[in-house]
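Here is how the chains run, residue by residue.
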Amino acid sequence: MSWIETVPYEEASEVLKKIYDENKAKFGRVINLVKVQSLRPETLERGRDLYRHLMSQPGGLRHRERVLIATVVSQLNGCYY
């Protein structure tokens, strides 16, 4: 894995601390997927908002079908998340 500069919690902006805290509450730690985006917290926040919007808005697929598709695609791409 490549080394990528990240922002530690102690140096995080208000926006990034909020994201870190949410991540710790959900996973018990800040996951790497969040850490590698920490230099651009506003972009990270928008990406999370987009993901949540796509996964929760009404449409032709139920939520569990969307999760299943995301899981299969991630698996095919070799993505842990």
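Cut-off values and rules
- Residues numbered from 1 in each chain as written.
- Predicted model: local features only at pLDDT ≥ 70, side-chain atom pairs only at ≥ 80, totals over all residues.
- Heavy atoms only, no water.
- Helix = DSSP H or I, 4+ residues; strand = E, 2+ residues; numbered from the N terminus.
- Buried < 20%, exposed > 50% of the residue type's maximum accessible area, 1.4 Å probe, protein only.
- Contact = heavy atoms within 4.5 Å.
- Areas by Shrake-Rupley, 256 points an atom, 1.4 Å probe, with all protein chains shown as cover.
- Core = buried A, V, L, I, M, F, W, Y, C linked by side-chain atoms within 4.5 Å.
- Patch = residues over 30% accessible without salt bridge, like charges linked within 9 Å, V, L, I, M, F, W, Y side chains within 5 Å.
- Salt bridge = Lys/Arg side-chain N within 4 Å of Asp/Glu carboxyl O.

**Digging into the overall build of the chain**
- In terms of helices and strands, the chain carries four helices and zero strands.
- Walking the chain from its N terminus toward its C terminus, one meets helices and strands in the order α-α-α-α.
- Summarising its shape, the C-alpha atoms of the chain cover approximately 40 × 30 × 20 Å along the three principal directions.
- For the chain, the residues scored as buried account for 20% of the 81 residues in total.
- A separation threshold of at least 6 residues defines the contact pool for the chain, and within that pool the share at least 24 residues apart is 40%.
- For the chain, the exposed surface amounts to about 6,600 Å²; the carbon and sulfur share of it is 57%.

**Observations regarding the nonpolar core**
- Val 7, Ala 12, Leu 16, Ile 19, Tyr 20, Val 30, Ile 31, Val 34 and Leu 44 together form the largest nonpolar core, which totals nine residues.
- Top contributing element to this core by residue count: helix 1 (residues 14-27), with three residues.
- Discounting residues that sit within four places of it in the chain, Ile 19 has contacts with Val 34, Pro 41, Leu 44, Glu 45 and Arg 48.

**A look at a nonpolar patch on the surface**
- There is a patch of nonpolar side chains on the surface, built from Leu 61, Ile 69 and Val 73 and spanning about 250 Å² of accessible area.
- Turning to its location among the elements, Leu 61 is positioned in the loop between helix 3 (41-56) and helix 4 (63-76).

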